[in-house]
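One letter stands for each residue in the lines below.
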Amino acid sequence: MSYPRSAVTREPKPSQKSLKKKKERMDQLQNIISLRINDDEKRALEKLTKSTSKSISEIMREAIAQWSQNRRKLCLD
C-alpha cells in the first residue's frame, strides 16, 4: 500500500541555532578517556543512567567535579 507524498510525516529540520549550539558543545568535548571497570561498576553506572536520565559521560564528569571539589577542600584545610 502506498501513501501519498503529502501524508508522509517528516522530521523537522533542526534550526541553525540548534546546529550551532550542538557544534559548540562537540567542540568543547573532544577529549576521550578510556576507563576499565568491572561488571559490578558497569551495572551500577547503567542503573544510574536509567534513574537519572543522564549519560555515563555526564555521570563521570559530575563524579570528577565532585572529587576535585572535595580534594580542594581537603588541601585547603
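This structure is a prediction, so every number in the text was calculated from the model and none was measured.

Concerning the packing of helix 2 (residues 39-52) against helix 3 (residues 56-76)
Right, on to step 1. Close contact between helix 2 and helix 3 brings their axes to 9 Å; oriented N to C, the two are set at 100 degrees. What the angle tells us is that helix 2 and helix 3 run roughly perpendicular. Contacts between helix 2 and helix 3 involve Leu45, Leu48, Thr49 and Thr52 on the former and, on the latter, Ile56, Ile59 and Met60.
Right, on to step 2. In terms of residue class, the contact of helix 2 with helix 3 is made up of five nonpolar, two polar and no charged.

Digging into the pattern of salt bridges
Close approach of charged atoms lets side chains of opposite charge pair.
Right, on to step 1. Inspection of the entire model under this criterion finds three salt bridges.
Right, on to step 2. Salt-bridge contacts for aspartate 40 lead to arginine 43; the nearest nitrogen and oxygen are separated by 2.5 Å. Taken together, the residues aspartate 40 and arginine 43, both in helix 2 and three residues apart, mark about one turn of the helix.
Right, on to step 3. Given a relative accessible area of 52%, aspartate 40 falls into the exposed group.
Right, on to step 4. A salt bridge links lysine 42 to glutamate 46, with the shortest nitrogen-to-oxygen separation between them at 2.5 Å. Highlighted residues: lysine 42 and glutamate 46, both in helix 2, separated by four residues, approximately one helical turn.

Let's talk about the UniProt feature "domain: Ribbon-helix-helix protein CopG" (unreviewed entry) in the chain
Right, on to step 1. When the UniProt feature table is mapped onto this chain numbering, "domain: Ribbon-helix-helix protein CopG" (unreviewed entry) sits at residues 33-67.
Right, on to step 2. Across residues 33-67, the secondary structure splits into 74% helix and 0% strand, with the terminal C-alpha atoms separated by 17 Å.

About the cut-offs
Residues numbered from 1 in each chain as written. Predicted model: local features only at pLDDT ≥ 70, side-chain atom pairs only at ≥ 80, totals over all residues. Heavy atoms only, no water. Axes fitted to C-alpha atoms, helices over the stretch in contact; angles between N-to-C directions. Helix = DSSP H or I, 4+ residues; strand = E, 2+ residues; numbered from the N terminus. Parallel < 35°, antiparallel > 145°, perpendicular 65-115°, else oblique. Contact = heavy atoms within 4.5 Å. Nonpolar A, V, L, I, M, F, W, Y, C, P; charged D, E, K, R; others polar. Salt bridge = Lys/Arg side-chain N within 4 Å of Asp/Glu carboxyl O. Buried < 20%, exposed > 50% of the residue type's maximum accessible area, 1.4 Å probe, protein only. UniProt positions renumbered as here; feature names shortened; annotations may be inferred.

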